[in-house]
Amino acid sequence: MKRSEIEAAVTTGLAAAQAVSGGKNADYIPFLASVPSDLVGLAVVTTDGTTFKAGDADYPFAIESISKVFTLALVMEAIGAAAVREKLGADPTGLPFNSVVALELHQGKPLSPLVNAGAIATASLVPGTDAESGWAAILHTQSRFAGRPITLSAEVNASEQATNFHNRAIGWLLYSAGTCYGDPVRAVDIYTRQCSTLVSAVDLATMGATLAAGGINPRTRERVIAADHVPPILAEMMMEGFYTASGDWAYTVGLPGKSGVGGGILAVVPGEMAIAAFAPPLDAAGNSVRGQVAVAHVAHALGRNLFAPRAATALPA
């Protein structure tokens, strides 16, 4: 693919997003409500490390639920894909990301590591003897994916920790069902911290490009996770990455992705690139309104959809 094609797609993708209105910042976390709602950033990072960006692509924002992907990668490296599927599930819930009903309907077992219940269970499996060692492992993993040191925002974390009562309740429900695999207080604490780091759209695109490159960071050339662990992670993203809108995203865009209530959107084109956007106002499902437009525009402009037919290759005689 030509560099000029990607540059053009990013430029027009930003314009398309800026032309859209609607949605509102998440207001149940005070910090997120205070972020300027007119910000829009878009970035693409290819598997050779080439970066394309436009708008507010370097603006630092809270990673929020997109962090679930990278903690999942950490735990998958620790216990393997089969154990992840057994303990955390691999199915969409069809319910909001913070649903307690989904847990009750399935006897306390989370169906996906990309909703809050499954992500808290995932955090309970992070290696470490206490909250600090588990948190250090998560922060190190995010930094390796981004190819630079990622830091915690004390302001975001304080805002989150002061309002995470619902997640604390989920942690204890998991524990009572035997599906929180450690101290629920530790699990919720480090889960809350993992959502409170600051990234940019360029960082997110780099993190996604690491998955696109089979687990190798395109900038540092470090192998971050095993290649065999990338397909199940992308499968989880395809099924539950956009919460109750995941099916619509798969239907219309056809790329594994993940959203966060901080306004981030990430999509991965395996073997080629990752596309990331940032725009704070969210729709009813919790996904960035303009971020979805920006990423979808780039995917469509470049003809990247995993479900689109490709030229047939004849089998050898």
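See the structure printed just above.
Given the structure is predicted, the values throughout are model-derived calculations rather than measurements. (Residues numbered from 1 in each chain as written. Predicted model: local features only at pLDDT ≥ 70, side-chain atom pairs only at ≥ 80, totals over all residues. Heavy atoms only, no water.)

Novice: Sorry, what's going on with the overall build of the protein here?
Specialist: Scanning the protein from N- to C-terminus turns up 14 helices and seven strands. For 317 residues, the compact-globule estimate of 2.2 N^0.38 gives 20 Å, and the C-alpha radius of gyration of the protein, at 18 Å, lies within 12% of that figure. Each of the 317 residues in the protein was classed as buried or not, and the buried ones make up 57%. For the protein, the exposed surface amounts to about 12300 Å²; the carbon and sulfur share of it is 58%. (Helix = DSSP H or I, 4+ residues; strand = E, 2+ residues; numbered from the N terminus. Rg over C-alpha atoms; globule rule 2.2 N^0.38 Å. Buried < 20%, exposed > 50% of the residue type's maximum accessible area, 1.4 Å probe, protein only. Areas by Shrake-Rupley, 256 points an atom, 1.4 Å probe, with all protein chains shown as cover.)

Novice: Can you help me understand a nonpolar patch on the surface in this one?
Specialist: A surface patch of nonpolar side chains, about 340 Å² in accessible area, is lined by W172, Y175 and V185. If you trace the backbone, V185 turns up in helix α10 (residues 184–194). (Patch = residues over 30% accessible without salt bridge, like charges linked within 9 Å, V, L, I, M, F, W, Y side chains within 5 Å. Salt bridge = Lys/Arg side-chain N within 4 Å of Asp/Glu carboxyl O.)

Novice: Would you mind showing me how to read the nonpolar core here?
Specialist: Counting 68 residues, the largest nonpolar core has L211, I233 and M237 as the members making the most contacts within it. Looking at this core element by element, the count peaks at eight residues for helix α11 (residues 201–212). In contact with L211, not counting residues within four places along its chain, are V69, F70, F145, I225, V230, I233, L234, M237 and V268. Of all hydrophobic cores here, the second largest spans 29 residues; its members include I6, M273, A285 and A296. (Core = buried A, V, L, I, M, F, W, Y, C linked by side-chain atoms within 4.5 Å. Contact = heavy atoms within 4.5 Å.)

Novice: Explanation requested: the environment of L152 in the structure shown.
Specialist: Here L152 is to be found in the loop between α7 (131–146) and α8 (154–161). Residue L152 is classed as partly exposed on the basis of its relative accessible area, which comes to 30%. Between the C-alpha atom of L152 and that of A62, which follows or precedes it by 90 residues, the distance is 9.1 Å. With near-sequence residues (within four places) excluded, L152 lies in contact with W135, N157, R193, S196 and T197.

Novice: Just checking my understanding: could you explain the pairing of strand β6 (residues 264–269) for this structure?
Specialist: Walk down a regular strand and you will see the side chains alternate between the two sheet faces. Across the six residues that make up β6, a large majority, six, are buried. Burial along β6 is two-sided: the face carrying G264, L266 and V268 and the face carrying I265, A267 and V269 are both buried. Two elements, strand β5 (residues 257–259) and β6, share three bridges in a ladder whose sense is antiparallel. Within β6, the position partnered with G257 by the bridge is A267. Bridging between β6 and strand β7 (residues 273–278) involves six bridges; their strand directions are antiparallel. Pairing of I265 across the sheet is with A277, part of β7. (Pairing = 2+ DSSP bridges.)

Novice: What should I look at first to understand helix α14 (residues 289–301) in this one?
Specialist: Within an α-helix, residues lying three or four positions from one another point in the same direction, as the helix has 3.6 residues per turn. Taking 1.5 Å as the rise per residue, α14 with 13 residues should run 18 Å; its terminal C-alpha atoms sit 19 Å apart, in good agreement. The set of residues buried in α14 consists of V289, R290, G291, Q292, A294, V295, A296, V298 and A299. Against α1 (3–18), β1 (41–46), α13 (246–252), β6 and β7 lie the buried residues of α14. With a side-chain oxygen lying 2.9 Å from the backbone nitrogen of G291, the N-terminal cap of α14 falls on S288. (Expected span 1.5 Å × (residues − 1). Polar contact = N/O pair within 3.5 Å; in protein donor to acceptor, adjacent residues only side chain to side chain.)

Novice: Quick question: what am I supposed to make of the pairing of β1 here?
Specialist: Of all the six residues making up β1, six are buried; the element is thus mostly covered by neighbouring parts of the structure. Note that β1 and strand β2 (residues 51–55) share five bridges and pair antiparallel. Within the sheet, the bridge partner assigned to A43 lies in β2 and is K53. The turn joining β1 and β2, which pair antiparallel and follow one another in sequence, is formed by four residues; a positive phi near 90° is taken by G49. As paired strands, β1 and β7 are joined by six bridges and run antiparallel to one another. For V44, the partnering residue across the bridge sits in β7 and is I275.

Novice: For this particular structure, what's the right way to read the packing of α1 against α14?
Specialist: To describe two helices that pack against each other, one gives the angle between their axes and the distance between the axes. Contact geometry of α1 with α14 gives a least axis separation of 8 Å together with a crossing angle of 145°. Of the two possible hands of crossing, α1 and α14 adopt the one that is right-handed. Residues A9, V10, T12, G13, A16, A17 and Q18 of α1 lie in contact with α14, whose contacting residues are R290, V293, A294, H297, V298 and A301. (Axes fitted to C-alpha atoms, helices over the stretch in contact; angles between N-to-C directions. Left-handed = near helix turned anticlockwise from the far one by under 90°.)

Novice: What should I look at first to understand the sheet that holds β2 in this one?
Specialist: Strand pairing within a sheet occurs via backbone hydrogen bonds; the two strands may be parallel or antiparallel. Across the sheet, five strands lie side by side as β2-β1-β7-β6-β5; this open sheet has antiparallel pairing. In the strand order of this sheet, the two ends are held by β2 and β5, each with one partner. Strand-to-strand twist in this sheet, taken as the mean axis angle between neighbours without regard to direction, amounts to 10°. Where α14 meets the sheet, its contacts fall on β1, β6 and β7, and the angle it forms with β7 comes to roughly 155°.

Novice: What is the right way to read the packing of α8 against α10 from this model?
Specialist: Following both chains from N to C, one finds α8 and α10 inclined at 135°, their axes separated by 9 Å at the closest point. Between α8 and α10, the angle falls in the class oblique. In terms of crossing hand, the pair formed by α8 and α10 is right-handed. Seen from α8, the contacting residues are N157, E160 and Q161; seen from α10, they are D189, T192 and R193. (Parallel < 35°, antiparallel > 145°, perpendicular 65-115°, else oblique.)

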